[in-house]
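Residues per chain are reported as follows:
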Amino acid sequence: TEACLLAIDSAGALNAFVHHTPDMARQMAQAADARIRAGDAAAMTGIPVGIKDVFCVRGVPSQAASRILQGFRPEYESTVTQNLWNAGAVMLGKLNQDEFAMGSANESSCYGPAVNPWKVDDRQLTPGGSSGGSAAAVAADLCLAATGTDTGGSIRQPAAFTGIVGLKPTYGRVSRWGVIAYASSLDQAGPMTKTVRDAAIMLGAMASVDPQDSTSADHPVPDYEAALTGDIRGKRIGIPREYRVDGMPAEIDALWHQGAGMLRDAGAEIVEISLPHTKYALPAYYVIAPAEASSNLARYDGVRYGHRARLGQGDGITEMYEKTRAEGFGPEVQRRVMIGTYVLSAGFYDAYYNRARKVRALIKRDFDHAFADGIDAILAPTTPSAAFGLGSVDSSDPVQMYLNDVFTVTLNLAGLPGISVPVGQDRQGLPLGLQLFGKPFEEGDLLNHALVLE
Ligand code: GLN
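Everything numeric in this text was worked out from a predicted model, so none of it was measured.

Student: Explain the overall build of the protein chain to me, using residue names and the numbers behind them.
Tutor: Each helix and strand in the protein chain was counted, giving 14 helices and eleven strands. Whereas a compact globule of 454 residues would reach a radius of gyration of roughly 22 Å, the protein chain reaches 21 Å, a difference of no more than 12%. With respect to the principal axes defined by its C-alpha atoms, the protein chain has extents near 75 × 65 × 50 Å. The buried share of the protein chain, taken over its 454 residues, is 54%. In the protein chain, the proportion of contacts linking residues at least 24 apart, taken out of those at least 6 apart, comes to 76%.

This is the structure in structure tokens:
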């Protein structure tokens, strides 16, 4: 814990931690010490972790990197963080992210972007988003592990950009209670770690059956670490042909082949499969996610939480809402609220939102068919490129940024578990990741496949 606190102090330039909690860390580390001495250590006793700003931690600023939540210190603890503290983990502080987890570069944060510890020459690169602070902190050894959330790739893409492991669990595996909502039917929290084994241990600590989250699944949490045998002989790995998108860089294709080769060498059978509705995933996601966001973010009205705009003479409640939301939400969040409101409005609901929901069902069915055909896991690239320069994506063309999510959003739409593992490097030496998709609630098996890619 002391080593991490020291590292955090000297790594301010990464802008990974946005709230430091050194006193809490030392207290918790001491309690962990006592537990260890008493022979009462749990799975994560004494392990210093960072927490993405989107998780409510009692008494600690929890703003989802938004100005609109300025000054908000929750009176309650998210289930995930409570589970981590129960398992003995030590809280180092809150980690940077995109505002309300909307973004792929950590550039929409009210704290400014987190910076990738990997560099090419002197160019500052994005650690990815939205869990960019978590990824940067783990990659730079500021903490041993971090929490992330993944609505459309926000655990897996930053993991790939920083050379770490990121796991998005099955929807319902990890409680969403106390996690500031972005798109409730897609959001899922998961571990961001240095190794697959760490991911197994941390998932076991984060996951639970939680009556406070109505979508929490009623499945007991297995021992994920026990599933890590490294034996995948006879397993069938699907290579989805629709992921071979136009313009895919040769090095991503080569990485994908390399990963398939590693799994084959370990005794798995590699099979080409088809997930025919893949190409509709990105447009469906960018209808469903903003729709749910516009509804979830309606609660930020200047009354119940955080920031309230200064009002002028004669301003009434409408002006207060308008001014507060105009000041409190950044441009990307405002864009999503407008898109979401539009696709949910009378007259457009059927054309956009309902159609996207139907597409979502078809995407899920593609995966169901693959697994019913005997496929055990699916291998795909995590991202279409390595980390790009901060500020290099034209902000006047948001779709350019959305295209980064082309390989990740399908999984959230289908509610399945997926893991990104660092496998190779691009020609500049930057990390690249491959992801494996697994069957619902079979994270243990998924982690075991991932072990082979490590
Ligand atoms: N980049 C995607 C988005 O902006 C995914 C974000 C996430 O998973 N939270 O919506």
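Anyway, onward from the coordinates.
Student: Account for the packing of helix α8 (residues 281–296) against helix α11 (residues 350–372), naming residues and giving values.
Tutor: Between α8 and α11, whose axes approach to 9 Å, the crossing angle comes to 125°. Here α11 runs oblique to α8, going by the angle between their axes. For the element pair α8 and α11, the recorded crossing hand is left-handed. In this structure, α8 contributes Ala281, Ala284, Val287, Ile288 and Ala291 to the contact, and α11 contributes Tyr352, Tyr353, Ala356, Arg357, Val359, Arg360 and Ile363. Its residues assigned to classes, the contact of α8 with α11 comprises ten nonpolar, no polar and two charged.

Student: Lay out helix α10 (residues 331–344) in plain terms, naming residues and giving numbers.
Tutor: The first and last C-alpha atoms of α10 sit 20 Å apart over 14 residues, in line with the 20 Å expected at 1.5 Å per residue. Within the span of α10, buried status applies to Val333, Arg336, Val337, Gly340 and Val343. All buried residues of α10 project into a common sector of 140° when viewed along the axis, lining one side. Within α10, the exposed residues directed more than 90 degrees away from the buried face are Pro331 and Met338. Along its buried surface, α10 packs onto α8 and α11.

Student: Could you give an account of the nonpolar core, with specific residues and numbers?
Tutor: Within the largest apolar cluster, 136 residues are counted, with the highest numbers of intra-cluster contacts made by Val49, Val90 and Cys143. Among the elements that make up this core, the one with the highest residue count is α8 (ten residues). Contact partners of Val90, with chain neighbours within four places excluded, come to Thr1, Ala25, Met28, Ala29, Ala32, Gly46, Ile47, Pro48 and Val49.

Student: A description of helix α7 (residues 250–265) should follow, citing residues and the corresponding values.
Tutor: Given a rise of 1.5 Å per residue, 16 residues ought to cover 22 Å, and the 22 Å separating the end C-alpha atoms of α7 matches this to within 8%. Taken as a whole, α7 has its buried residues at Ile252, Leu255, Trp256, Gly259 and Leu263. Here the buried residues of α7 occupy an arc of 100° about the axis, which is enough to place them on one side. Across from the buried face of α7, at angles greater than 90 degrees, the exposed residues are Ala250, Asp253, His257, Gly261 and Asp265. In this fold, the buried residues of α7 make contact with β7 (236–240), β8 (269–273), β9 (377–381), β10 (418–425), β11 (431–437) and α14 (443–453). Once α7 finishes, Gly267 follows within two positions and takes phi at roughly 105°, a positive value.

Student: Account for the pairing of strand β3 (residues 90–95), naming residues and giving values.
Tutor: Most of β3 sits out of view: six of its six residues are buried. Pairing of strand β1 (residues 17–20) with β3, which is carried by three bridges, proceeds in the antiparallel orientation. When the bridges of β3 are listed, Phe17 appears paired with Leu95. Relative to β3, strand β2 (residues 48–52) is paired through five bridges, and the arrangement is parallel. Across the sheet, residue Pro48 finds its bridge partner in β3, namely Val90. Where the polypeptide runs from β2 across helix α3 (residues 79–86) and back to β3, its parallel neighbour, the crossover connection is right-handed.

Student: Go over the packing of helix α6 (residues 196–206) against α14, please, and point to the residues and values.
Tutor: Look at α6 against α14: their axes get within 9 Å of each other, and the N-to-C directions meet at 165°. With respect to each other, α6 and α14 are oriented roughly antiparallel. With respect to the hand of their crossing, α6 and α14 are arranged in right-handed fashion. Every residue of α14 that contacts α6 at Val196, Ala199, Ala200 and Leu203 is listed here: Glu443, Leu447, Ala450 and Leu451. Taken together, the residues of the contact of α6 with α14 sort by class into seven nonpolar, no polar and one charged.

Student: So what about unusual backbone geometry? Which residues, and what values?
Tutor: Between Gly129 and Ser130 the backbone carries a cis peptide bond, its omega angle lying at 5°. Assignment of secondary structure puts Ser130 in the loop between β3 and α4 (132–139). The phi angle at Asn15 is positive, at roughly 55°, despite the residue not being glycine. Note that Asn15 resides in the loop between α1 (2–10) and β1. On the basis of neighbour count, Asn15 is assigned to the partly exposed category, with 19 C-beta atoms found within 10 Å.

The rules behind these values
- Residues numbered from 1 in each chain as written.
- Predicted model: local features only at pLDDT ≥ 70, side-chain atom pairs only at ≥ 80, totals over all residues.
- Helix = DSSP H or I, 4+ residues; strand = E, 2+ residues; numbered from the N terminus.
- Rg over C-alpha atoms; globule rule 2.2 N^0.38 Å.
- Buried ≥ 20, exposed ≤ 12 C-beta atoms within 10 Å, placed from the backbone.
- Contact = placed C-beta atoms within 7 Å.
- Axes fitted to C-alpha atoms, helices over the stretch in contact; angles between N-to-C directions.
- Parallel < 35°, antiparallel > 145°, perpendicular 65-115°, else oblique.
- Left-handed = near helix turned anticlockwise from the far one by under 90°.
- Nonpolar A, V, L, I, M, F, W, Y, C, P; charged D, E, K, R; others polar.
- Expected span 1.5 Å × (residues − 1).
- Arc of directions from axis to C-beta.
- Core = buried A, V, L, I, M, F, W, Y, C linked by C-beta atoms within 7 Å.
- Pairing = 2+ DSSP bridges.
- Right-handed = clockwise from strand over helix to strand, strands pointing away.

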